[in-house]
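Structural description and commentary
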Amino acid sequence: SNFMAAAAKPQAPLFTKRALFTLIWPLLLEQTLSVTMGMADTLMVSGVGEAAVSSVSLVDSLNILIIQILSALATGGAVIASQYLGRKDEENASHSAAQLYSVLGISTITVGVVCMLLSRPILRGVFGSIDDDVMRFAQQSFPFIGLYNAGAALFRAQGNSRISMLASLVMNIINIAGNALLIYGFGMGVIGAALATLIGRVFAAVFILWQNQNMHNPLRVQHFADLRPRREPIMKVLSIGIPSGLENGMFQIGKLCVSSLTSTLGTSAIAANAVANTLSTLANIPGNTMSLAM
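Each residue is numbered by its place in its chain's sequence as written, counting from 1. Per-residue local features are limited, in this predicted model, to residues with pLDDT of at least 70; the limit for side-chain atom pairs, both in listing and counting, is 80 or more; totals at the level of whole chains, interfaces and linings are taken over all residues. Water and hydrogen atoms play no part in the side-chain values, which are based on all heavy atoms of the structure.

Residues spaced three or four apart along an α-helix face the same direction, because each turn holds 3.6 residues. Segments assigned H or I by DSSP are reported as helices when at least four residues long, segments assigned E as strands when at least two residues long, and all are numbered from the N terminus. Multiplying one less than the number of residues by 1.5 Å gives the expected span of a helix. Between its first and last C-alpha, helix H8 (residues 231-262) extends 43 Å over 32 residues, near the 46 Å set by a 1.5 Å rise per residue. A residue's bend is given by the angle between axes fitted to the 7 residues ending at it and the 7 residues starting at it. Maximal helix bending in H8 amounts to about 30°, located at leucine 238. Three labels apply to residues, based on accessible area from a 1.4 Å probe with only protein chains included: buried if under 20% of the type maximum, exposed if over 50%, partly exposed otherwise in between. Pro233, Ile234, Val237, Gly241, Gly245, Gly249, Gln252, Leu256, Ser259 and Thr262 are the residues of H8 that are buried.

All right, on to the pattern of salt bridges then. For this document, the term salt bridge refers to a Lys or Arg side-chain nitrogen within 4 Å of an Asp or Glu carboxyl oxygen. Using the criterion set out here, one finds one salt bridge in the structure. The residue arginine 156 makes a salt bridge to glutamate 30 at a minimum N-O spacing of 2.8 Å. Placement of arginine 156 in helix H5 (residues 132-157) and of glutamate 30 in helix H2 (residues 17-45) is noted, with a sequence separation of 126 residues between them. In this structure, arginine 156 and glutamate 30 share a single accessibility class: buried.

What follows concerns the layout of surface pockets. By volume, the second largest pocket amounts to about 240 Å³. In this analysis, the protein atoms alone were mapped onto a 1 Å grid. Cavities are point sets where a 1.4 Å probe fits without being able to get out; pockets are open sets with protein on both sides within 12 Å along at least five of seven lines; lining residues have an atom within 4 Å of a point. Ile69, Leu73, Ser107, Leu238 and Ile242 are the residues nearest the centre of the second largest pocket, which is lined by 14 residues in total. Among the elements of the structure, helix H3 (50-86), helix H4 (90-127) and H8 are those that each provide at least two residues to the lining of the second largest pocket. Broken down by element, the lining of the second largest pocket gets its largest block of residues, six residues, from H8. When its residues are assigned to classes, the lining of the second largest pocket shows 11 nonpolar, three polar and no charged. Grid points are joined across faces, edges and corners, and a volume is the space filled by probe spheres set on the points. Note on residue classes: Ala, Val, Leu, Ile, Met, Phe, Trp, Tyr, Cys and Pro are nonpolar, Asp, Glu, Lys and Arg are charged, and everything else, Gly too, is polar.

So, about a nonpolar patch on the surface. Only residues above 30% relative accessible area that lack a salt bridge enter a patch, with like-charged residues linked at up to 9 Å and the nonpolar side chains Val, Leu, Ile, Met, Phe, Trp and Tyr linked at up to 5 Å. Per-residue accessibility takes into account occlusion by the displayed protein chains alone, with areas from the Shrake-Rupley method and a 1.4 Å probe. Residues Ile109, Val113, Val114, Met116, Leu117 and Leu118 make up a contiguous nonpolar surface patch of roughly 560 Å² in combined accessible area. Counting through the fold element by element, valine 113 comes out in helix H4.

On to the packing of aromatic side chains, then. Ring pairs shown here join Phe, Tyr and Trp side chains whose ring centres sit within 6.5 Å, with only the six-membered ring taken for Trp; geometry is labelled stacked below 30 degrees between planes, edge-to-face above 60, and tilted in between. Within the structure shown, the criterion is met by two aromatic pairs. For the pair phenylalanine 203 and phenylalanine 207, a centre-to-centre distance of 5.9 Å together with 15° between the ring planes defines the contact as stacked. Within this pair, phenylalanine 203 and its partner phenylalanine 207 are both found in helix H7 (residues 190-212), separated by four residues, close to a single helical turn. Judged by relative accessible area, phenylalanine 207 falls into the buried class, the value being 17%. Joined through ring pairs, the aromatic side chains of Phe203, Phe207 and Trp210 make up one cluster.

For the rest of this paragraph, the subject is the confidence of the model for the chain. pLDDT measures the predictor's confidence residue by residue and takes values from 0 up to 100. With 83% of its residues at a pLDDT of 70 or more, the chain shows a mean pLDDT of 78. Mean pLDDT values for the elements of the chain range from 57 in helix H1 (residues 2-8) up to 86 in helix H6 (residues 162-185).

Let us look at unusual backbone geometry. With a phi close to 60°, lysine 88 is a non-glycine residue in the positive phi region. Assignment of secondary structure puts lysine 88 in the loop between H3 and H4.

For the rest of this paragraph, the subject is the environment of phenylalanine 207. The sequence separation of phenylalanine 207 and glycine 151 amounts to 56 residues, and the corresponding C-alpha distance is 9.4 Å. By the convention used here, residues are in contact when the closest approach between their heavy atoms is within 4.5 Å. If sequence neighbours within four positions are ignored, phenylalanine 207 has contacts with Ile163, Leu166 and Ala167.

Once that is clear, we can look at the packing of H6 against H7. Fitting a line to C-alpha atoms yields each axis, with helices limited to the stretch in contact; the angle taken between N-to-C directions then spans 0 to 180 degrees. Packing of H6 against H7 leaves a shortest axis separation of 8 Å and a crossing angle of 155°. When the interaxial angle is binned, H6 and H7 end up roughly antiparallel. Both H6 and H7 take part in a crossing whose hand is right-handed. Here the residues of the contact of H6 with H7 are counted per class, giving 16 nonpolar, eight polar and one charged. For this classification, under 35 degrees means roughly parallel, over 145 means roughly antiparallel, 65 to 115 means roughly perpendicular, and everything else is oblique. Whether a crossing is left-handed or right-handed is set by the direction in which the near helix is turned from the far one by less than a right angle, anticlockwise for left-handed and clockwise for right-handed.

Right under this line is the structure:
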């Protein structure tokens, strides 16, 4: 009878409404900022002409595919680290965080090198003719995106979404101010937009790594030796990260196929598709936010 009484008694929720609100609202803001970064580039380049908008948007769609796969890998590693934290095993939690940085460091540099060697054939194959300069800056930013994603995922695993929100906010300010200066001030056009985005992403990665090394952070990298790739923890990260990355990537590959078809219709069609795509992304923000929070 005691057992029945205990079973009937309502359990206290695992998270209070306040704790959920504290986790979710910075994520909502961060997701909005990441979308506006793409919008800012498209809008600010639109003054240069339709060809500029189309080249930025086409490279951006290829970028988003790579970023989504990297971000799923980061989430996979953060899941492993948060499981160790839940077991109060801080030593293995920090080891798995270090391994996550190694996985993302190796994979982003590999992706960057592959894109650097094959960017021209990839872009020609997918989109026909396009400005190579935009892709070159995109490749250089992959390692920074990877490290930023790893740091952001590790903070979210601890219920802290403010740090990545702040990094995202400053990244956007740098991007928009950089666009204004380089596109309008120096008349650099498409290259100016790409360079401003690169500078913003470098800052975000450095900021989040610096915050991650805070003495009170249980997921900080304790020793350089912890970064040496080790098979078992890396397989754990990949077993969650790769299926998740492929799942995220499938939808983006579908969008790339549509963009590839649109790119044969001329620059005005590509530009119109780019603007409509960017606006439609706004509708996905609440869903993406809840996905990260869960």
